[in-house]
Amino acid sequence: MAGLHGERRGNLYRFVTREIEDAGALSEEPALILARRRGRRAVAYLALCAAAGLRADLLLARSRASGEGMPPPAHTAELAYPLVRVRLPGGDVVVDPRH
């Protein structure tokens, strides 16, 4: 079962990185992103994982150049790097759908 989940994760990742132009806001609807083939890849990837029965979470990160610790609430835009953690039976995998 772990192999099947890993294969699904890989296929979805390849689809999103090859077929979706990464742009826009994290608040866009996944269906709209998929229909246009343009939008935040992380949002599309999360939706596709859910549809495929894979548990996944959105993680927001920022570059090391931005400093350490959480930014104040007014500066959450600094959390500019959406990552996706896919929870697989063999362990979690964190991917960067921007690449």
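The model shown is predicted, which means the values in this text are computed figures rather than measured ones.

Draft legend 1. Local environment of the overall build of the protein chain. The secondary structure content of the protein chain amounts to three helices and five strands. Helices and strands in the protein chain line up, N terminus first, as α-β-α-β-α-β-β-β. By residue count, 31% of the 99 residues in the protein chain fall in the buried class.

Draft legend 2. Representation of the sheet that holds strand S4 (residues 81-88) within the structure. Spatial strand order, S3-S4-S5: three strands in an open sheet with antiparallel pairing. Bordering the open sheet on either side are strand S3 (55-61) and strand S5 (91-95), each of which pairs with just one other strand. Pairwise comparison of adjacent strand axes, ignoring direction, gives a mean angle of 25 degrees for this sheet. Both S4 and S5 contribute to a ladder of five bridges, which runs antiparallel.

Draft legend 3. Quick peek at the nonpolar core. Leu12, Tyr45, Cys49, Leu54, Val84 and Val86 are the most contacted members of the largest nonpolar core, which has 15 residues in total. Contributions of two or more residues to this core are made by helix H1 (2-19), helix H3 (41-51) and S4. Counting residues per element, this core draws most heavily on H3, which supplies six residues. Sequence-distant contacts of Leu12, defined by excluding residues within four places in its chain, comprise Tyr45, Leu48, Cys49, Ala52 and Leu54.

Draft legend 4. Representation of the side chain of Thr17. Position of Thr17 among the secondary structure elements: in helix H1. Overall, the relative accessible area of 18% leaves Thr17 in the buried class. A polar contact is formed between the side chain of Thr17 and the backbone oxygen of Arg14, at a distance of 3.3 Å. Excluding residues that lie within four positions of it along the chain, Thr17 makes contacts with Arg41, Pro97 and His99.

Draft legend 5. Just the pattern of salt bridges, in detail. The tally for this structure, following the rule as stated, stands at eight salt bridges. A salt bridge links Arg36 to Glu28; its shortest N-O distance comes to 2.7 Å. Note that Asp92 and Arg87 form a salt bridge whose closest N and O atoms lie 3.7 Å from each other. The exposure class assigned to Asp92 is partly exposed, which follows from its relative accessible area of 42%. Owing to a relative accessible area of 28%, Arg87 belongs among the partly exposed residues under this scheme.

Draft legend 6. Structural context of unusual backbone geometry. With a phi close to 60 degrees, Arg37 is a non-glycine residue in the positive phi region. Counting through the fold element by element, Arg37 comes out in the loop between helix H2 (30-36) and strand S2 (38-39).

So, how was this worked out
Residues numbered from 1 in each chain as written. Predicted model: local features only at pLDDT ≥ 70, side-chain atom pairs only at ≥ 80, totals over all residues. Heavy atoms only, no water. Helix = DSSP H or I, 4+ residues; strand = E, 2+ residues; numbered from the N terminus. Buried < 20%, exposed > 50% of the residue type's maximum accessible area, 1.4 Å probe, protein only. Pairing = 2+ DSSP bridges. Axes fitted to C-alpha atoms, helices over the stretch in contact; angles between N-to-C directions. Core = buried A, V, L, I, M, F, W, Y, C linked by side-chain atoms within 4.5 Å. Contact = heavy atoms within 4.5 Å. Polar contact = N/O pair within 3.5 Å; in protein donor to acceptor, adjacent residues only side chain to side chain. Salt bridge = Lys/Arg side-chain N within 4 Å of Asp/Glu carboxyl O.

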